[in-house]
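What follows is each chain in one-letter form.
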2 protein chains.
Amino acid sequence: MYKIGELAKACDINNDTLRFYEKNALLCPSTRSESGYRLYTEKDKETLQFILRAKGVGFTLAEIRELLSIEVNKADSACADVKTLVDSKLNDVETKLAELIRFQTSLKRLSNACCGGAESAEHCTILEALESDTNDVRHEHKLNDKES
Amino acid sequence: MYKIGELAKACDINNDTLRFYEKNALLCPSTRSESGYRLYTEKDKETLQFILRAKGVGFTLAEIRELLSIEVNKADSACADVKTLVDSKLNDVETKLAELIRFQTSLKRLSNACCGGAESAEHCTILEALESDTNDVRHEHKLNDKES
DNA sequence: CTTGACCTGTGACTTAGGTCGAAGGTTTAT
DNA sequence: ATAAACCTTCGACCTAAGTCACAGGTCAAG
């Protein structure tokens, strides 16, 4: 049995995070001591590690709650249910990825176009790009310029 | 001169967003009418468009505030200052990108390993991967498995 | 002269995932 | 027996970028 601080230290998280997970129905300690201290079992620790691993692949706590409800009750769920969660998450991730790649492309273009010198910024190509709506900074669509 | 609703509509944002930008020192209307209405000039509109374009390439409002302070005072800033902001943002973006790619890789691996069938999830490879700490789900380091 | 569309300011609420402080109870070691 | 190190609950605070509600003032049309 772990007290809160012991489990937290063992898993390298904050005590408050554990309380937060409890409040949000992710991980409730199996028992309490006479005096009300949370007592976590080895099984609780495994659940916590499940949570941390799921966080590690990008799941939100709400999604992890879903995964856990399948996990505690495996026999009544299908593989397909689990895979759906993973694929839907993968979709989210790829959407965000696409946005970040647009950012990256635009920023690289801005950076490459700028001399970066100590001269006054009066003719800075970056500022000019942000000022002008012709020659949209955000998308390359028909710009047919090459990344240098 | 635009009233708040006119400028908001012209730029397809919310009136409250404009008030929010004002409160956060991003865009103050040049004047007010007798009765206190905000009045935005054409120049204000251009500044707003600058802000929206900068948002479009991924800058936060705090960063845009920095860009604007250079923009209003170009002569006293160097190109290098601007480029530094862009490069530092690019760095942020690439850090986030790296994390999302890790998520993507892990999720793809989980998804590919799962049959996704209607069978009970009792032996679901996804759940097993999240349960076990051997065979870490998050990183490929020495797994030398191939993406199918 | 009233109705409706607009504007004002203030302050609260949202999401996500915690983190912190205060006031007090418990355990353990000395 | 008392101090240090733990634990409890509760509630407030944090970031980011808004969004919404409320109570009231203004403006143009009919």
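Residues numbered from 1 in each chain as written. Chains lettered and ligands numbered in written order. Predicted model: local features only at pLDDT ≥ 70, side-chain atom pairs only at ≥ 80, totals over all residues. Heavy atoms only, no water.

Labelled according to an unreviewed UniProt entry, chain A appears under the name Zinc-responsive transcriptional regulator, originating from Marinomonas ushuaiensis DSM 15871.

J.: What should I look at first to understand the packing of helix α5 (residues 79-113) of chain A against helix α5 (residues 79-113) of chain B in this one?
T.: The packing of two helices is summarised by the inter-axis angle and the distance between the axes. Orientation of α5(A) relative to α5(B), taken along the N-to-C sense of each, is 155°, at an axis distance of 8 Å. Between α5(A) and α5(B), the angle falls in the class roughly antiparallel. At the point where α5(A) passes α5(B), the crossing takes the left-handed sense. Counted by class, the contact of α5(A) with α5(B) contains 18 nonpolar, four polar and 12 charged residues. (Axes fitted to C-alpha atoms, helices over the stretch in contact; angles between N-to-C directions. Helix = DSSP H or I, 4+ residues; strand = E, 2+ residues; numbered from the N terminus. Parallel < 35°, antiparallel > 145°, perpendicular 65-115°, else oblique. Left-handed = near helix turned anticlockwise from the far one by under 90°. Nonpolar A, V, L, I, M, F, W, Y, C, P; charged D, E, K, R; others polar.)

J.: Quick question: what am I supposed to make of the relation of the copies chain B and chain A here?
T.: Superposition of the two copies of the chain requires a rotation about an axis together with a shift along that axis. Overlaying chain B on chain A yields an RMSD of 0.1 Å, the required transformation being a rotation through 180° with an accompanying axial translation of 0.0 Å. The relationship between the two copies is best expressed as a two-fold rotation axis. Minimal C-alpha separation from the rotation axis in chain B is found for Leu97(B), amounting to 3.2 Å. Looking at chain B, 100% of its interface residues are interface residues in chain A too, so the copies touch through the same face. (Least-squares fit on C-alpha atoms with pLDDT ≥ 70 in both. Contact = heavy atoms within 4.5 Å.)

J.: Is there a simple way to explain the packing of aromatic side chains in this structure?
T.: By the definition in use, this model includes two aromatic pairs over all chains. Consider the rings of Phe20(A) and Tyr21(A), whose centres lie 6.2 Å apart with planes at 50°: the pair is tilted. (Phe/Tyr/Trp six-rings, centres within 6.5 Å; stacked < 30°, edge-to-face > 60°.)

J.: Explanation requested: the protein's contact with DNA strand D in the structure shown.
T.: In the neighbourhood of DNA strand D, 19 residues make up the surrounding shell, with Gly5(A), Arg38(A), Thr17(B), Tyr21(B) and Tyr37(B) lying closest. Among the atoms of DNA strand D lying within 4 Å of the protein, the sugar-phosphate backbone contributes 73%. A distance of 3.2 Å separates a phosphate oxygen of DNA strand D from a polar side-chain atom of Arg32(A). For DNA strand D, a base oxygen lies 3.4 Å from a polar atom in the side chain of Tyr37(A). Sorting the residues of the surface near DNA strand D by element identifies α1 (4-11) and α2 (15-23) of chain A together with α2 (15-23) of chain B as the ones contributing at least two each. Take the surface near DNA strand D: its biggest share by element is four residues, from α2(B). Broken down by class, the residue content of the surface near DNA strand D amounts to six nonpolar, seven polar and six charged. (Near = heavy atom within 4 Å. Polar contact = N/O pair within 3.5 Å; in protein donor to acceptor, adjacent residues only side chain to side chain.)

J.: In this structure, what is going on with the interface of chain B and chain A? I would like to understand it.
T.: Often, the extent of an interface is quoted as the loss of accessible area upon association of its parts. In this complex, chain B contributes 56 residues to the contact, which on the side of chain A involves 56 residues. For the pair chain B and chain A, the two sides together bury roughly 5,000 Å², of which 71% comes from carbon and sulfur. Considering only the surface of chain B that becomes buried against chain A, Arg53(B), Cys79(B) and Leu130(B) emerge as the three largest contributors, covering 14% of it. Joining chain B to chain A, the criterion identifies two salt bridges. Along the contact surface separating chain B from chain A lie 25 residue pairs in polar contact (both at pLDDT 80 or more). (Buried area = accessible area lost by both parts, 1.4 Å probe. Salt bridge = Lys/Arg side-chain N within 4 Å of Asp/Glu carboxyl O.)

J.: Hey, could you run me through the environment of Tyr2(A) in this one?
T.: Residue and element names in this part refer to chain A. One can find Tyr2 in the segment before α1. Taking C-alpha positions, Tyr2 is 4.9 Å from Tyr40, a pair spaced 38 residues apart along the chain. Not counting chain neighbours up to four residues away, the residues in contact with Tyr2 comprise Leu7, Arg38, Leu39, Tyr40, Thr41, Glu42 and Lys45. Engagement of the side chain of Tyr2 in a polar contact is seen with the side chain of Glu42, the distance being 2.9 Å. One polar contact links Tyr2 to Lys45, side chain to side chain, over a distance of 3.4 Å.

J.: For this particular structure, what's the right way to read the protein's contact with DNA strand C?
T.: With respect to spatial proximity, 19 residues lie near DNA strand C, and among them Thr17(A), Tyr21(A), Tyr37(A), Gly5(B) and Arg38(B) are the closest. When atoms of DNA strand C within 4 Å of the protein are split into backbone and base, the sugar-phosphate part holds 74%. Note that a phosphate oxygen of DNA strand C is positioned 3.3 Å from one of the side-chain N or O atoms of Lys55(A). Counting only elements with at least two residues in the surface near DNA strand C, the list comes to α2 of chain A together with α1 (4-11) and α2 of chain B.

J.: Explanation requested: the layout of surface pockets in the structure shown.
T.: Rolling a probe over the atoms, with the probe sized like a water molecule, indicates the empty space that remains. Residue and element names in this part refer to chain A. Reported here for the largest pocket is a volume of approximately 360 Å³. As for the largest pocket, its lining consists of 15 residues, and the residues nearest its centre are Lys43, Thr47, Leu68, Glu71 and Val72. Breaking the lining of the largest pocket down by element, the ones donating at least two residues are α3 (42-56) and α4 (61-71). Broken down by element, the residue count for the lining of the largest pocket peaks at five residues, all from α3. Among the residues making up the lining of the largest pocket, the classes are represented as seven nonpolar, two polar and six charged. When its volume is computed, the second largest pocket comes out at roughly 230 Å³. (1 Å grid on protein atoms, 1.4 Å probe; cavity = no way out; pocket = protein on both sides within 12 Å on 5 of 7 lines; lining within 4 Å. Points joined across faces, edges and corners; volume = space filled by probe spheres on them.)

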